[in-house]
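# Observations on the three-dimensional arrangement
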Amino acid sequence: MSDDVATGPEARACLTLVLAAGEGKRMRSALPKVLHHVAGQAMLAHVLDAAPRQADDEIAVIVGPDRADVAAAAQAKHPGVRIFTQTERRGTAHAVLAARAALEAAKGDVIIAYGDMPLILPETLARLKARRAQGAAVVVLGFHAADPTGYGRLLHKDGRLAAIREERDASPQERAVTLCNSGLVAFDGAVVLALLDAIGNANSQGEFYLTDAVEIACARGLVCDVVLADEAEVRGVNDRVQLAEAEALMQERLRRAAMLAGATLVDPASVHLSFDTKIGFDVIIEPQVFIGPGVSIETGAVIHASSNLEGVKVGPGANVGPFARLRPGAVLEQGAKVGNFVEIKAARIGAGAKVSHLSYIGDADIGAEANIGAGVITCNYDGFLKYRTIVGAGAFVGSNSALVAPVSIGAGAYVGSGSVITKDVSADALALERNQQLEKPGWAQSFRARRLAMKAKGRS
Ligand code: UD1
Ligand code: MG
């Protein structure tokens, strides 16, 4: 009995190798192609997210020379990722062989993926593994291309995958084939190195093509097979037009998942989500809302139109916007309200508390049921350091007050409108920081009379 049968296909270890050594020249960017973002994270990170990550699984990324930035991004996403460097670009098989040390140790499956395929799904890699488990030594992820130009064609003989022909090297009949190579391949780890080492570079580009592994495997009597995917899922990104197309497809996928999970998106096409956006049941999101990375929105919360959120937790039943800006570290507890033209940064807004209009609340802790009036500002920065503002539960801060941090307002206290608060306020006290109001009875009337008289004498 083989190990495969004894342990089951799912238990077999998998090494995923992601090629990210490409120059990506068509992006016309100082940033390496695979670090360009789709839905709030690097394309490379999306691919890493799709890779199998059971206990014995391994991930390796092949980077170009002097690409510490790509290596750092890969390791930031998954700390265990191994990095190999392809020092010269001599083709896809050459790139894979840069990870020889990892390939030598690979016993189960070896999946090769490209770092510029951000839409690839973990289920698809699992399907490649499943087909491998049925006995194929090489399983290629193929797709029917609307326009096959530029892709390697999957050539069949007697109903079996027999070769992959690169467009440049294909005959006119071969070019007529529309079944194409996505670039994703799963190999039997026991034979992958022998296959790769047998690949030569006798082709129009003088490159070592990974795709030649299929013909070599067939010549050795090994079974090669194809698993099909949707063209949209295997789309590669080479320029910024394709980057925008990938973004649109990803947004559609994220919105659809949010809606099917029970959120109402009133005008889905105008809502931008991120790869990690968590949206609860019965959440309503109005049009023109941008949600950056690190946002969770809990059950029953409403995000009104034209709001911008990033790195925030919106608690159950909370109410945001319209035109609110929630920056990283904002936490809205149950039923809290943040209204129009309000910016919140690194601040907790307690349960039922309200910051309804035109405020900046930064580095603050606002107690439950507190009311922050229109135009209240926390003055949290002196040009060098940041300081915190604490507002106790049930406190009432009158409109247009400035809270100069560090400062704390006790529970249940009142701050009179227009105050500049620089000292702590005790619980249940009234703090008022403004001049006594002066009133001169009849002054306006006599002022007008005097001025009218002056004008009548011809003074302008
Ligand atoms: C490749 C496939 C083709 C497939 C297509 C799908 C080969 C020979 N051809 O063609 O069958 O239809 O992808 O998009 O594999 N890379 C390196 N080092 C190298 C060369 C390439 O890391 O020396 C990386 C690139 O950065 C890229 C990937 O490998 O991420 C594919 O290389 P690319 O040159 O884009 O191959 P294609 O011509 O698109
Ligand atoms: Mg390509």
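Residues numbered from 1 in each chain as written. Chains lettered and ligands numbered in written order. Predicted model: local features only at pLDDT ≥ 70, side-chain atom pairs only at ≥ 80, totals over all residues. Heavy atoms only, no water.

### Points about the state of the cysteines
As enumerated under the stated definition, the model contains zero disulfides in all. With no disulfide of its own, Cys180 lies closest to Cys224 among cysteine sulfurs, the gap being 17 Å. Cys180 sits in the buried class, given a relative accessible area of 0%. Here Cys218 stays free of any disulfide, with the sulfur of Cys224 as its closest cysteine sulfur at 3.7 Å. (Disulfide = S-S within 2.5 Å. Buried < 20%, exposed > 50% of the residue type's maximum accessible area, 1.4 Å probe, protein only.)

### Some remarks on the pattern of salt bridges
What the rule picks out here adds up to 20 salt bridges. Across the salt bridge formed by Lys33 and Asp116, the nearest N and O atoms sit 2.8 Å from each other. A residue pair is termed long-range when its members are at least 10 positions apart, and Lys33 in the loop between β1 (14–20) and β2 (37–38) and Asp116 in the loop between β6 (109–114) and α6 (122–133) qualify at 83 residues. Residue Glu167 is joined to Arg153 by a salt bridge in which the shortest nitrogen-to-oxygen separation is 2.6 Å. One end of the pair, Glu167, is in the loop between β9 (160–165) and α7 (172–175); the other, Arg153, is in strand β8 (residues 153–157), and 14 residues separate them in sequence. Under the relative-accessibility criterion, Glu167 is labelled buried at 17%. In the salt-bridge network here, residues are joined through shared partners; they are Arg12, Asp109, Arg132 and Asp188. (Salt bridge = Lys/Arg side-chain N within 4 Å of Asp/Glu carboxyl O. Helix = DSSP H or I, 4+ residues; strand = E, 2+ residues; numbered from the N terminus.)

### Comments concerning the pairing of strand β11 (residues 224–228)
With four of five residues buried, β11 lies mostly within the body of the structure. Judged from the five bridges that link them, strand β7 (residues 138–144) and β11 form a sheet pairing that is parallel. In the sheet register, Leu141 faces β11, and the bridge partner there is Val227. (Pairing = 2+ DSSP bridges.)

### Focus: the domain arrangement of the chain
Taken domain by domain, the chain holds domain 1 (14–228) and domain 2 (240–431). Each of domain 1 and domain 2 has a C-alpha centre, and these two points are 43 Å apart. Opposite the 16 residues of domain 1 that make contact, domain 2 presents 14 residues. Buried area between domain 1 and domain 2, both sides added, is near 1200 Å², and the carbon and sulfur share of it is 63%. Where domain 1 meets domain 2, there are zero salt bridges. The interface formed by domain 1 and domain 2 holds five residue pairs in polar contact (both at pLDDT 80 or more) in total. Within the residue set of the side of domain 1 that touches domain 2, elements represented by two or more residues are β2 and α2 (43–50). Partitioned by chemical class, the residues of the side of domain 1 that touches domain 2 number seven nonpolar, six polar and three charged. (Domains from an automatic or database assignment. Contact = heavy atoms within 4.5 Å. Buried area = accessible area lost by both parts, 1.4 Å probe. Polar contact = N/O pair within 3.5 Å; in protein donor to acceptor, adjacent residues only side chain to side chain. Nonpolar A, V, L, I, M, F, W, Y, C, P; charged D, E, K, R; others polar.)

### With respect to α2
Among the eight residues in α2, seven count as buried, and that is most of the element. All of the buried residues in α2 are Met43, Leu44, Ala45, His46, Val47, Leu48 and Ala50.

### Considering the nonpolar core
Judged by nonpolar contacts, the single largest core of 58 residues is most densely connected at Ile285, Val314 and Leu326. Looking at this core, the elements with two or more residues in it are α10 (240–260), β16 (289–291), β22 (324–326), β25 (342–349), β27 (360–366) and β33 (407–409). The contact partners of Leu326, leaving out residues within four places of it in the chain, are Asn308, Leu309, Glu310, Val312, Val314, Val320, Leu332, Val338 and Ile344. The next biggest cluster of nonpolar side chains, apart from the first, holds 38 residues, and it includes Leu17, Val96, Leu97 and Val110. (Core = buried A, V, L, I, M, F, W, Y, C linked by side-chain atoms within 4.5 Å.)

### Looking at unusual backbone geometry
Along the chain, Gly321 connects to Pro322 via a cis peptide bond; the corresponding omega equals 5°. Of the consecutive residues Ala405 and Pro406, the connecting peptide bond is found in the cis state with omega at 0°. Here Arg28, not a glycine, exhibits a phi torsion of approximately 50°, which is positive. If you trace the backbone, Arg28 turns up in the loop between β1 and β2. With a phi angle near 60°, Phe323 is a residue other than glycine that sits in the positive phi range. For Phe323, the location among the structural elements is in the loop between β21 (319–320) and β22.

### Describing the environment of Met250
Structurally, the position occupied by Met250 is in helix α10. Discounting residues that sit within four places of it in the chain, Met250 has contacts with Val38, Ala39, His46, Pro118 and Leu119.

### Observations regarding the packing of aromatic side chains
For the structure shown, the criterion picks out four aromatic pairs. Between Phe396 and Tyr414 the ring centres are 4.8 Å apart and the planes differ by 15°, which places this aromatic pair in the stacked class. Of this pair, Phe396 sits in strand β31 (residues 396–397) while Tyr414 sits in strand β34 (residues 414–415), placing them 18 residues apart in sequence. Overall, Tyr414 belongs to the partly exposed group, its relative accessible area being 44%. A centroid spacing of 4.9 Å and a plane angle of 10° characterise the contact between Trp443 and Phe447, whose relative ring orientation is stacked. With a gap of four residues between them, Trp443 and Phe447 both fall in helix α11 (residues 443–456), about one helical turn apart. On the basis of relative accessibility, which here comes to 43%, the residue Trp443 falls in the partly exposed class. The lysine or arginine in question, Lys386, covers the ring of Tyr381, its NZ or CZ lying 5.0 Å from the ring centre. (Phe/Tyr/Trp six-rings, centres within 6.5 Å; stacked < 30°, edge-to-face > 60°. Lys NZ or Arg CZ within 6 Å of the ring centre and 35° of its normal.)

### Points about the sheet that holds strand β28 (residues 371–372)
Spatially, ten strands are ordered β12-β15-β18-β21-β24-β26-β28-β31-β34-β36 in an open sheet, and the strand pairing comes out parallel. Two strands close off the open sheet at either side, each with one partner strand: β12 (264–265) and β36 (430–431).

### Things to note about the site of ligand 1
Around ligand 1, the surrounding shell holds 17 residues, and the nearest of these are Gly22, Gln86, Gly91, Glu166 and Asn181. Contact between ligand 1 and Thr92: an oxygen atom at 2.9 Å from a side-chain N or O atom of the residue. Residue Gly152 places a main-chain N or O atom 2.9 Å away from an oxygen atom belonging to ligand 1. Here ligand 1, which alone exposes 750 Å², has 83% of that area covered by the protein. When residues of the shell around ligand 1 are traced back to their parent elements, those giving at least two are α4 (92–97) and β10 (179–188). Residues belonging to the shell around ligand 1 are distributed by class as follows: six nonpolar, eight polar and three charged. (Near = heavy atom within 4 Å. Areas by Shrake-Rupley, 256 points an atom, 1.4 Å probe, with all protein chains shown as cover.)

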